[in-house]
Amino acid sequence: METEIFNVDGERHHDMLVNTIQPKLSYSPSVNYGEWKSQIKKKFVELSGIETIAENVCPLNVQVIKEEEKDGYKQIAFTFDSEKGETVPCYLLIPNTGNDKYPVAITLQGHSTGFHNSVGIVKYDRDKDYQPRGQFAIQAVKNGFIALAIEQRGMGIRKTYKANRLPNNACLYASRIASGLGRTLIGERVWDVHKAIDALSHFPQCDLEKILITGNSGGGTASYYAACFDERIGLSVPSCSFCSYKESILSIAHCACNYIPFMYKYFDMQDLSCMIAPRRLTIVAGKEDEIFPIAGVRKGYAAVKAIYERLGVGENCRLVETPKEHWWCVELVWDTINEECKKLGWK
């Protein structure tokens, strides 16, 4: 075998730029906060493609498909249209404890086989290894919430047949097409959550003044960005998904759905927390997470804390570190959520 004579490094140039570029809208104590927040929001909506997505809005067309009585709750399968040509499948789980209204927990699966895991349905052999830990919606009901499980774009039954050519990265195709159309897949997922909250007005038991959003991995990512965009979300609890871009998605190979074109030219993930503040944000992170390293999480969270303290609400943000890796820690997550809900007066 011939020895390679060229001494080159295909990653050096990008690594150099990541390590030297300072995003134009990075938070600084010296910024005019109101003007800076306005700039951040405008740029996020533009780069994520949400302003383009919003142009394709349509009537919700909520359709109930099936209702079933389960052990302790009613399960409603329904759909709604988030934009022209896009139907969103959902499960709504309503506790049967007799209250007129309940706080709402929007639960989002990451890169599992789909949202059926959230309601305890086993469709594939590998789902068995994810039960009951992956039953996000059922866990929410047991903790006193109405649970909304949404199938995210590019995942589960919303994966296109064309994505079958990319079996190990199912949402890569959807990410590419969205980007080509001036959108992003994460922007589309955020829009679906936004319109799902509108759709919940069809179910009178939902207390839309008390909305939590949570999920793990790709579900946590959408939970964070959705709370940035939609101010009706009072508590966001992203798990295994928040990290400074520099230490995570710009230095470790991730799924394409994590990326927003030109993002690091303008902001880092923590800068966007100004769109959530002063509402409550609890970040859950694994100390052993190899794809969202804890050092990058702590670095990003320090900036989040500074933003919240700038507003005089430092107590409204929180970092919870688990002893695990990239893992949904059921008891710790829900104990944390319940603590935050008590502070909000939701329970």
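In what follows, the accompanying structure is described. From a predicted model like this one, the values you see are computed outputs, not experimental measurements.

The rules behind each value
- Residues numbered from 1 in each chain as written.
- Predicted model: local features only at pLDDT ≥ 70, side-chain atom pairs only at ≥ 80, totals over all residues.
- Heavy atoms only, no water.
- Helix = DSSP H or I, 4+ residues; strand = E, 2+ residues; numbered from the N terminus.
- Phe/Tyr/Trp six-rings, centres within 6.5 Å; stacked < 30°, edge-to-face > 60°.
- Buried < 20%, exposed > 50% of the residue type's maximum accessible area, 1.4 Å probe, protein only.
- Pairing = 2+ DSSP bridges.
- Axes fitted to C-alpha atoms, helices over the stretch in contact; angles between N-to-C directions.
- Contact = heavy atoms within 4.5 Å.

Before going further, it helps to examine unusual backbone geometry. With an omega of 0 degrees, the peptide bond running from Gln 131 to Pro 132 counts as cis. Here Pro 132 lies in the loop between β4 (102–108) and α4 (136–142). The peptide bond linking Ala 277 to Pro 278 adopts the cis configuration, its omega dihedral lying at 10 degrees. Although it is not a glycine, Cys 240 adopts a positive phi angle of roughly 50 degrees. If you trace the backbone, Cys 240 turns up in the loop between β7 (235–239) and α8 (263–266).

A few words now on the packing of aromatic side chains. Evaluation of the coordinates by the stated rule reveals eleven aromatic pairs. On the basis of an interplanar angle of 35 degrees and a centroid distance of 4.9 Å, the ring pair of Tyr 91 and Phe 115 is categorised as tilted. With Tyr 91 in strand β3 (residues 86–95) and Phe 115 in the loop between β4 and α4, the pair connects residues that are 24 residues apart, well separated along the chain. With relative accessibility at 6%, the residue Phe 115 sits in the buried group. Geometrically, the ring pair formed by Phe 136 and Trp 328 is tilted, given 4.2 Å between the ring centres and 35 degrees between the ring planes. On the criterion of sequence distance, the pair formed by Phe 136 in helix α4 and Trp 328 in the loop between β9 (317–322) and α10 (330–344) is long-range, its members being 192 residues apart. Taking the relative accessible area as the measure of exposure, Phe 136 reaches 0% and is therefore buried.

Now for the environment of Ile 76. Looking at the element boundaries, Ile 76 is found in strand β2 (residues 73–83). Along the sequence, Ile 76 and Gly 34 sit 42 residues apart, while their C-alpha atoms lie 42 Å from each other.

Attention now moves to the sheet that holds strand β8 (residues 280–286). The sheet built from nine strands is open, its strands ordered β1-β2-β3-β5-β4-β6-β7-β8-β9 with mixed pairing. Looking at which strands have only one partner, the edges of the open sheet turn out to be β1 (63–69) and β9. Taking each pair of neighbouring strands and ignoring which way they run, the sheet shows an average axis angle of 20 degrees. Both β2 and β3 contribute to a ladder of ten bridges, which runs antiparallel. Within the sheet, the bridge partner assigned to Thr 79 lies in β3 and is Pro 89. Most of the contacts of helix α7 (residues 218–229) go to strand β6 (residues 206–216), to which it runs at about 140 degrees, and overall it touches β4, β6, β7 and β8. Seen against the sheet, α10 touches β6, β7, β8 and β9 and runs at an angle of roughly 165 degrees to β9.

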